Amino acid sequence: MKKIILSGGFLLVLSLNAAGQTDTLYSNNQKISCTVKEVTESAVKYSYPNEDLVNTVYKNSIQRIVFKNGREQIFTEASSYKTVNGVSDFDKVTVTAVESEIKGLFKIGDVSSKSVGTTALSNQERVKNRAYRKIKIQAAMMGANIVYLTNQRTEGNKGGTEYTAASAAETNLTGISYSNVVPALADFKKLLNGRTDFAAYEEYRLAGSSSDYSYKELMKNFFIGSVHDDNGIITIDGELEGLNKVNQYRLVGVSKDHFSIFYRDKSTVYNISVKF
């Protein structure tokens, strides 16, 4: 009789534990314990434990959901974007004019590019391709892997007349860069391990008038004063040796042995690699 009572009590405890479990939503940068209310065509609606407020997160930023009954749902939307590990991965940057494709992603910053043919006989498609290549490079330098194109203006070659000069083909692009995943502040601070002085060892540079980025090795000190989380984007108050006019940088990438920072000086953008 005692064994039956004990078994019954054990089953009751298991039942209570199961009832107290929650669904787990895995986004691109955090794990959320919640109750999933609804999965729509473009988003997931959920509530935090002991709350009635319904929150919405777009599928673009969700990797998977593990429901409390053990069932798992994978979302292909978040995995459709390619991983950009550095400037040399710029070809992996996606350029889109579809607004729904950037919903739920982290906004990184504004990007733009301009490409002009060398003569009035320049190939218009090649000029356009150079503009797209440049805007991808700029996005990669900023730690982004998708560009939402807000404006594209393309003009073909124009022949000259007695009163007007000939002009070459030209393409102007403007947009906003996004990423589906960004470095986490807690992880970055853990890797810093309380240190403030580091060695910057390489520089990628893209001038506003250039069609391609340049690279050079560095031997400079980088000092970190403080680190902040600004709506998911990590900014660093610090100083790069020899660059007194810039004191704030954006963290764009982190690995086990180095991290990358980004800054803009007028029309030129920089991506600097720093050793841990």
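Criteria and cut-off values
Every chain is numbered on its own, with residues counted from 1 as its sequence reads. Owing to the predicted nature of the model, reporting of local features is limited to residues with pLDDT of at least 70; listing and counting of side-chain atom pairs is limited to 80 or more, with chain, interface and lining totals taken over all residues. Derived side-chain values reflect all non-hydrogen atoms in the structure, with water molecules and hydrogen atoms excluded from consideration. Paired rings are identified among Phe, Tyr and Trp, the last through its six-membered ring, by centres lying within 6.5 Å, and are further divided according to the angle between planes into stacked (under 30 degrees), edge-to-face (over 60) and tilted (the rest). Lysine and arginine charges are scored as sitting over a ring when NZ or CZ, respectively, is within 6 Å of the ring centre and within 35 degrees of the ring normal. The helix and strand labels rest on DSSP assignments: H or I over at least four residues marks a helix, E over at least two residues marks a strand, and numbering proceeds from the N terminus. Exposed residues in this analysis have more than 50% of their type's maximum accessible area, buried residues have under 20%, and partly exposed residues fall in between, with area computed by a 1.4 Å probe over protein chains only. By definition in these notes, contact holds between two residues if any of their heavy atoms fall within 4.5 Å. Two strands qualify as a pair provided DSSP detects at least 2 bridges between them. Throughout, an axis means a line fitted to C-alpha atoms (over the contacting stretch in the case of helices), and angles, computed between N-to-C directions, take values from 0 to 180 degrees. One speaks of a salt bridge when a side-chain nitrogen belonging to Lys or Arg is within 4 Å of a carboxyl oxygen belonging to Asp or Glu.

1. Focus: the packing of aromatic side chains
Taken as a whole and assessed by the stated rule, the structure comprises 12 aromatic pairs. Feature note: the residues Phe188, Phe198, Phe222, Tyr249, Phe259, Tyr263, Tyr270 and Phe276 constitute an aromatic cluster, connected by ring pairs. Lys275 extends its terminal NZ or CZ atom over the ring of Tyr201, reaching a point 5.4 Å from the ring centre.

2. Brief notes about the side chain of Asp89
Note on placement: Asp89 falls in the loop between helix H2 (76–79) and strand S7 (94–96). Assessed through its relative accessible area of 16%, Asp89 is described here as buried. Once you skip the residues sitting within four places of it in the chain, Asp89 turns out to touch Thr83 and Val84.

3. Thoughts on the sheet that holds strand S2 (residues 31–39)
Spatial strand order, S4-S3-S2-S1-S5-S6: six strands in an open sheet with antiparallel pairing. A single partner strand is all that each edge strand has here, and the edge strands are strand S4 (55–58) and strand S6 (72–74). Averaged over all neighbouring strand pairs, the angle between strand axes comes to 40 degrees, with direction disregarded. Bridge count for S2 against strand S3 (residues 43–47) is four bridges, and the pairing is antiparallel. Pairing of Val36 across the sheet is with Tyr46, part of S3.

4. Here's the deal with the pattern of salt bridges
According to the stated counting rule, one finds seven salt bridges in the structure shown. With a closest N to O distance of 3.2 Å, Arg64 and Glu72 form a salt bridge. According to the relative accessible area criterion, Arg64 is partly exposed, its value standing at 27%. The exposure class assigned to Glu72 is partly exposed, which follows from its relative accessible area of 42%. Here Arg153 ties to Glu170 by a salt bridge, and the two come within 3.5 Å at their closest N and O atoms. Here Glu170 lies in strand S10 (residues 170–179) and Arg153 lies in strand S9 (residues 146–155), a separation of 17 residues in the sequence. Salt bridges here are not isolated pairs; linked through shared partners, they connect Lys114, Arg153 and Glu170.

5. Quick word on the sheet that holds S10
Ordered in space as S7-S9-S10-S8, the four strands form an open sheet in which the pairing is mixed. Of all the strands in the sheet, the pair left with one neighbour each is S7 and strand S8 (106–116). Shown here is a sheet whose adjacent strand axes are inclined to one another by a mean of 30 degrees, direction ignored. In terms of strand pairing, S7 meets S9 through three bridges, oriented parallel.

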